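This is what each chain is made of:
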Amino acid sequence: MDRFNERVEFDVPMAGHTSLRVGGPADALATPADTYELTGLLAMLIKTGVPWFVLGGGTNLLVRDSGIRGVVISLRPGFSDIAAVDSDQDAVAVHAGAGARLSALCRYALANNLAGMNFALGIPGSVGGAVIMNAGTENGAIESVLSSIEVLHVPDQKEIICRRALLFNYRGLVWDSSIIAKSGYEPIVLAASFELAPADPRTQAAEAETLRARRKQRQPAGFSAGCVFKNPSADAPAGYLIDQAGLKGTRIGDAQVSEVHANFIVNLGRAGATDILRLMDIVREKVLHEYGVELEPEIRTVGESKEK
Ligand code: EPU
């Protein structure tokens, strides 16, 4: 690890790297500066049999209380550039590193009078995480503005994959088995290109303001990981079912079903992953019991629990 100098830290509490502010320590956190360092790191990890986990923005993630064994790899700030790379009259291609914040991409689009990204205003997280999760709202999803992604087949093969060769579902990118077969590992998303369109700045800004205000009114501020469960169907959203089941405000320790939006769990300060997982179980059981609907988590849970 010597060659990475200050870009590797050891025993790093993941609570400091997740929007829920929850999670025990990762054995190590590496922030490679570029592809050369990333491929060197991966080769070393494969050789030594050390597992790794690629962190996005940590905004859709629940890390268990005993943390993560192995190396957490963060592509921020090394892979965070955003730039227009090509344009014609009707379209502008914008390239964003996986470590860039989705909010920075939205701001870039607004500042450059480009339409297409407003749907993502207020969605936290990184561009890489947004691609992997097919982040979206009722106003659109990543899959509809994406033109290609650049991936790294572990440990060192780069490839650009066009949108039409990618399969997305609701809140996820589904890797084709032939892509995984190339290296035996999930590829690492290094960057994404988006096809945006020139737009009238005033219309853009007005739309952005409306969407921002709506989100602010409907969703809680504070520490959370966004919506906890996927919507089981369009006519019975998880937030509606959890609300109707009377669960708003339910607490386990400092983990609480938000009073503002029932599909959010907020950390009021000192919640642990165990509290949040127990609260998720309570919500799931009550909604199953009352409505016969099985809620599936949208947030991803990783790491080791204290209780074994
Ligand atoms: N509702 C309630 N009580 C609540 C919350 C919602 O009755 O506490 C009702 C609302 O009145 C509405 C329906 O449930 O009729 C849907 O609520 P909302 O419009 O807030 O949308 P959502 O389906 O809960 C989805 C995304 C959000 C995204 C919003 C806004 C999912 C799981 N959630 O929420 O994404 O911000 O639309 O576009 O797809 C996220 O992914 O983390 C996330 C929060």
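Residues numbered from 1 in each chain as written. Predicted model: local features only at pLDDT ≥ 70, side-chain atom pairs only at ≥ 80, totals over all residues. Heavy atoms only, no water.

A. The domain arrangement of the chain, seen in detail. Domain parsing of the chain yields domain 1 (2–74), domain 2 (82–218) and domain 3 (223–302). With 12 residues of domain 1 in contact, the opposing surface of domain 2 contributes 12 residues. Of the roughly 940 Å² buried at the junction of domain 1 and domain 2 (both faces included), carbon and sulfur atoms supply 79%. Among the residues of domain 1 in contact with domain 2, Thr35, Trp52 and Thr59 are the three that bury the most area, contributing 33% of the side total. Counting the contacts that link domain 1 with domain 2 gives 0 salt bridges. Inspection of the domain 1/domain 2 interface yields 1 residue pair in polar contact (both at pLDDT 80 or more). For the side of domain 1 that touches domain 2, the elements supplying multiple residues, two or more each, are helix H1 (35–48) and strand E3 (52–55). The biggest single contributor to the side of domain 1 that touches domain 2 is H1, with 6 residues. Considered class by class, the residues forming the side of domain 1 that touches domain 2 number 6 nonpolar, 6 polar and no charged. (Domains from an automatic or database assignment. Contact = heavy atoms within 4.5 Å. Buried area = accessible area lost by both parts, 1.4 Å probe. Salt bridge = Lys/Arg side-chain N within 4 Å of Asp/Glu carboxyl O. Polar contact = N/O pair within 3.5 Å; in protein donor to acceptor, adjacent residues only side chain to side chain. Helix = DSSP H or I, 4+ residues; strand = E, 2+ residues; numbered from the N terminus. Nonpolar A, V, L, I, M, F, W, Y, C, P; charged D, E, K, R; others polar.)

B. Here's a closer look at the site of the ligand. The environment of the ligand is made up of 20 residues, and the closest members are Arg218, Cys227, Asn231, Asp243 and Ala262. In the environment of the ligand, an oxygen atom lies 3.0 Å from a nitrogen or oxygen atom belonging to the side chain of Arg215. Between the ligand and Gln219, the relevant distance is 2.7 Å, taken from an oxygen atom to a side-chain nitrogen or oxygen of the residue. Mapped onto the shell around the ligand, the elements with two or more residues apiece are helix H5 (201–218), strand E16 (223–227) and helix H6 (238–244). Among the elements that make up the shell around the ligand, the one with the highest residue count is H6 (3 residues). For the shell around the ligand, the class distribution of residues is 7 nonpolar, 6 polar and 7 charged. Counting only domains with at least three residues in the shell around the ligand, you end up with domain 2 (82–218) and domain 3 (223–302). (Near = heavy atom within 4 Å.)

C. Representation of the pairing of strand E12 (residues 157–162) within the structure. The sheet contact formed by strand E11 (residues 146–153) and E12 spans 6 bridges and is antiparallel. Bridge assignment links Glu150 to a residue of E12, and that residue is Ile160. Taking the residues between adjacent antiparallel strands as the criterion, E11 and E12 are bridged by 3 residues. (Pairing = 2+ DSSP bridges.)

D. A look at the side chain of Ser258. Tracing the backbone through its elements, the reader meets Ser258 in the loop between strand E18 (255–257) and strand E19 (264–267). For Ser258, a relative accessible area of 2% gives the class buried. Polar side-chain contacts of Ser258 include one of 3.2 Å to the backbone nitrogen of His261. With residues up to four places along the chain from it excluded, the contact list for Ser258 reads Pro220, Lys248, Gly249, Phe264 and Val266. (Buried < 20%, exposed > 50% of the residue type's maximum accessible area, 1.4 Å probe, protein only.)

E. A look at the environment of Cys162. Looking at the element boundaries, Cys162 is found in strand E12. Residue classification places Cys162 among the partly exposed positions, given a relative accessible area of 35%. For the pair Cys162 and Ala271, spaced 109 residues apart in sequence, the C-alpha to C-alpha distance is 41 Å. Leaving out residues up to four positions away in the same chain, Cys162 has contacts with Ser147 and Ser148.

F. Examining the sheet that holds E16 more closely. Taken together, 4 strands build an open sheet; the order of strands is E16-E19-E18-E17 and the sheet is antiparallel. This sheet does not close on itself; its edge strands, each paired only once, are E16 and strand E17 (251–252).

G. The arrangement of the packing of aromatic side chains in detail. Tallying each qualifying case throughout the model produces 1 aromatic pair. Considering the side-chain rings of Trp52 and Tyr185, the 4.9 Å spacing of their centres and the 40° angle between planes classify their relative orientation as tilted. With a gap of 133 residues between them, Trp52 in strand E3 and Tyr185 in the loop between helix H4 (177–181) and strand E15 (188–198) connect regions that are remote in the sequence. Residue classification places Trp52 among the partly exposed residues on the basis of a relative accessible area of 21%. We classify Tyr185 as partly exposed; its relative accessible area is 32%. (Phe/Tyr/Trp six-rings, centres within 6.5 Å; stacked < 30°, edge-to-face > 60°.)

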